[in-house]
Every structure is written in C-alpha cells, then in structure tokens.
Amino acid sequence: AMYQRQNGEILEMPAAYAGPVVNTVGAGDALFASFLHFYGKGHDPVAALQRAQIFAAHKITVSGASNGFVTEEAIEAHR
C-alpha cells in the first residue's frame, strides 16, 4: 500500500509474483532499496513501487541474503 499525499488516497497494489517463495531474508531491504533506485531515476512513486515489488518478488525465489538480484531489464520484461 502507498499513501499518496497529492490526492489523499491510499493505493493498494497486489504483490508481484516471480515464482515460489524460497526465502524471505532481505525482502524488505530489497523492496525499499529498489524503490529508492527507481524513484531516484525519475519514475513516479507508483511506477517505482511497482518495479520494486517485482525486484523483491524475484529476490525471494532464491535462498540467501545476497542472492536473487535481477537487472532492470529483467524487471521491465516482467512488467
């Protein structure tokens, strides 16, 4: 969910799916870091969160805190 200050609405988005969940270690960090990455590149908050959800979804399909990171190209292909 994301609160949008401009219109006072709470946006709810379904979770992205990239495969079966193997391990959730680092999922929140991956989501937040990816959101900041895409927002910093100029995407609006909703588009940044959508991409971050995909990144985190891929992250949790593998085991290990330092595994499962995908490229921007893979995220765009997943959309």
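Below or above, wherever it landed, is the structure these notes cover. (Residues numbered from 1 in each chain as written. Predicted model: local features only at pLDDT ≥ 70, side-chain atom pairs only at ≥ 80, totals over all residues. Heavy atoms only, no water.)

Concerning the overall build of the protein chain
Item 1. Along the protein chain, the regular secondary structure elements total 3 helices and 2 strands.
Item 2. Listed N to C, the secondary structure of the protein chain is β-β-α-α-α in terms of helices and strands.
Item 3. In terms of C-alpha radius of gyration, the protein chain reaches 13 Å, essentially the compact-globule figure of 12 Å for 79 residues.
Item 4. Projected onto its principal axes, the C-alpha coordinates of the protein chain cover approximately 40 × 20 × 20 Å.
Item 5. Sequence-distant contacts in the protein chain: of pairs separated by 6 or more residues, those separated by 24 or more amount to 60%.
Item 6. Put simply, the protein chain shows about 5000 Å² of open surface, and 56% of that area lies on carbon and sulfur atoms. (Helix = DSSP H or I, 4+ residues; strand = E, 2+ residues; numbered from the N terminus. Rg over C-alpha atoms; globule rule 2.2 N^0.38 Å. Contact = heavy atoms within 4.5 Å. Areas by Shrake-Rupley, 256 points an atom, 1.4 Å probe, with all protein chains shown as cover.)

Brief notes about the packing of helix H1 (residues 27-40) against helix H2 (residues 45-59)
Item 1. Closest axis-to-axis distance for the H1/H2 pair is 8 Å, and the angle between their directions is 145°. Where H1 crosses over H2, the handedness of that crossing is right-handed. Touching Ala27, Ala30, Leu31, Ser34, Phe35, Phe38 and Tyr39 of H1 are Pro45, Ala48, Leu49, Arg51, Ala52, Gln53, Phe55, Ala56 and Lys59, all from H2.
Item 2. Among the residues making up the contact of H1 with H2, the classes are represented as 12 nonpolar, 2 polar and 2 charged. (Axes fitted to C-alpha atoms, helices over the stretch in contact; angles between N-to-C directions. Left-handed = near helix turned anticlockwise from the far one by under 90°. Nonpolar A, V, L, I, M, F, W, Y, C, P; charged D, E, K, R; others polar.)

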